Amino acid sequence: MEQKLWTKAFIVYFLSTLFMTLTFYTLMTTMAMYAMEQFAANESSGGLAASLFVVGALLARLIAGQSVEKIGRKKMMYSGLIVFFLATIAYFIVESLIVLFIVRLIQGVAFGFANTAMTTTVMAAIPQDRRGEGTGYYSLAPTIATAIGPFLGIFLIVNYSFDAILITTSICAFLSMILVFFIQIEEAPLTAEERKNIHIGIKPSNFFQKEALPIALITLFIGVSYSSVMSFINLYAIEIDLVDAASYFFLVYAIVLFIARPVAGRLLDKKGDNFIMYPSIVLFGIFLLILSQTTTSVMLLASAVILALGYGTYMSSAQAIAAKVSPPKKIGLAMSTYFIGLDFGIGIGPFVLGFVIQATSYKTMYVALGIMTLLLVFVYYIVHGRQARAAFHNAHSS
């Protein structure tokens, strides 16, 4: 008999993650534009304003992954969500680019701690034989945020003001924080002695779970490519005169992904990692190449469908793989390792790509990223694909 996925705790974590990531995406997709308009920042500084949040999250995960079980999931989750809320309302008093950078960094650190603790708790509770399916459902929370956040951000900043965005995201951050106080947070099944013996240090093994590292490295480069969409799609749409269509881009993406992710999760469990991962990487590369040549609204929105089937299914599947290949008591570190790869890619991407755009163009950037992403198919085969094929064959031939 299959264990139940949609428990009260799972639903609360789903909603808390939804509101937390909604805050993230609403601010992320408008931050570069806000910094450039409000503080006369250039493209690279605007990109840095956007990406410092992710840099903060990355720094937090370097500590959170190795210490979540020692500190306790509950303490880390509560403190992270509280500081995340306080940092969100701090945007109201930002009066310079430097202060904006500081607030972005602090909010990102809080997000990293809270998200690591929450993801660890959820992933540990999902039955092993339903890991792909459960991850697919749980990851629908940030998927919904991916659609609503950018759409809401652009709508509010165009029709009202950045203050309207801050009011909305402050409410979301508060809801994310308050929800988790209504459930019992399950800690790791460790004895007091085992918890005491968890060492926090600067050795690589303290920061990274070795089994999850290969998929995290692939995810790093995937994150760089996706950061070009998240941070610059609106500015690119202005250049190619498709602003109206761009406002629906993430909505189309999320609708398709809402259907595709649970299906992809079940196929990952039944057909193996490679059945999902190879097509998803290829489709993401194709999306970037199509985006570079987009001239019509139909092309832009059609590319959003391909993005959902590519990047969207990759993310939940890669996260499930990181958990699946790691020992049960190391899931916290595995999740941290996975998100370190993702955060580093998304964090460094806007800053570096800002220079690429200044030196070339948006179109050239998307072509280069498309080619790089397609080449990741071969890297995936080397670091995980061939082992996954052998493991799946052995499991189904015995």
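Residues numbered from 1 in each chain as written. Predicted model: local features only at pLDDT ≥ 70, side-chain atom pairs only at ≥ 80, totals over all residues. Heavy atoms only, no water.

Some points on unusual backbone geometry
In step 1: One non-glycine residue, Asp241, lies in positive phi territory at about 60°.
In step 2: A relative accessible area of 66% places Asp241 in the exposed class. (Buried < 20%, exposed > 50% of the residue type's maximum accessible area, 1.4 Å probe, protein only.)

Examining the packing of helix α6 (residues 140–159) against helix α7 (residues 162–179)
In step 1: The N-to-C vectors of α6 and α7 enclose an angle of 140°; their axes lie 7 Å apart at closest approach. Put simply, α6 runs oblique to α7. Of α7, the residues touching α6 (which contributes Leu152, Gly153, Leu156 and Ile157) are Phe162, Ala164, Ile165 and Thr168.
In step 2: The class makeup of the residues in the contact of α6 with α7 is 6 nonpolar, 2 polar and no charged. (Axes fitted to C-alpha atoms, helices over the stretch in contact; angles between N-to-C directions. Helix = DSSP H or I, 4+ residues; strand = E, 2+ residues; numbered from the N terminus. Parallel < 35°, antiparallel > 145°, perpendicular 65-115°, else oblique. Contact = heavy atoms within 4.5 Å. Nonpolar A, V, L, I, M, F, W, Y, C, P; charged D, E, K, R; others polar.)

Digging into the nonpolar core
In step 1: With 122 residues, the main nonpolar core has Tyr226 and Tyr311 as its most contacted residues.
In step 2: In this view, Tyr311 contacts Ile222, Tyr226, Tyr253, Ser280, Phe284, Leu342 and Ile346; residues no more than four positions away in its chain are not counted. (Core = buried A, V, L, I, M, F, W, Y, C linked by side-chain atoms within 4.5 Å.)

Quick word on the packing of aromatic side chains
In step 1: Scanning the model with the defined rule gives 22 aromatic pairs in all.
In step 2: Between the aromatic rings of Tyr78 and Phe181, the centroid separation amounts to 4.3 Å while the plane-to-plane angle is 20°, which identifies the pairing as stacked. Taken as a pair, Tyr78 in helix α3 (residues 73–90) and Phe181 in the loop between α7 and α8 (192–196) lie far apart in primary sequence, 103 residues in all.
In step 3: The exposure class assigned to Tyr78 is buried, which follows from its relative accessible area of 17%.
In step 4: Here the aromatic rings of Phe284 and Phe287 are separated by 6.2 Å at their centres, their planes lie at 10°, and the arrangement is stacked. Here Phe287 and Phe284 lie together in helix α13 (residues 273–292), a separation of 3 residues that amounts to about one turn.
In step 5: Residue class for Phe284 comes out buried when judged on its relative accessible area of 1%.
In step 6: Clustering of aromatic rings is evident, with ring pairs tying together Tyr226, Phe249, Phe250, Tyr253, Phe284, Phe287 and Tyr311. (Phe/Tyr/Trp six-rings, centres within 6.5 Å; stacked < 30°, edge-to-face > 60°.)

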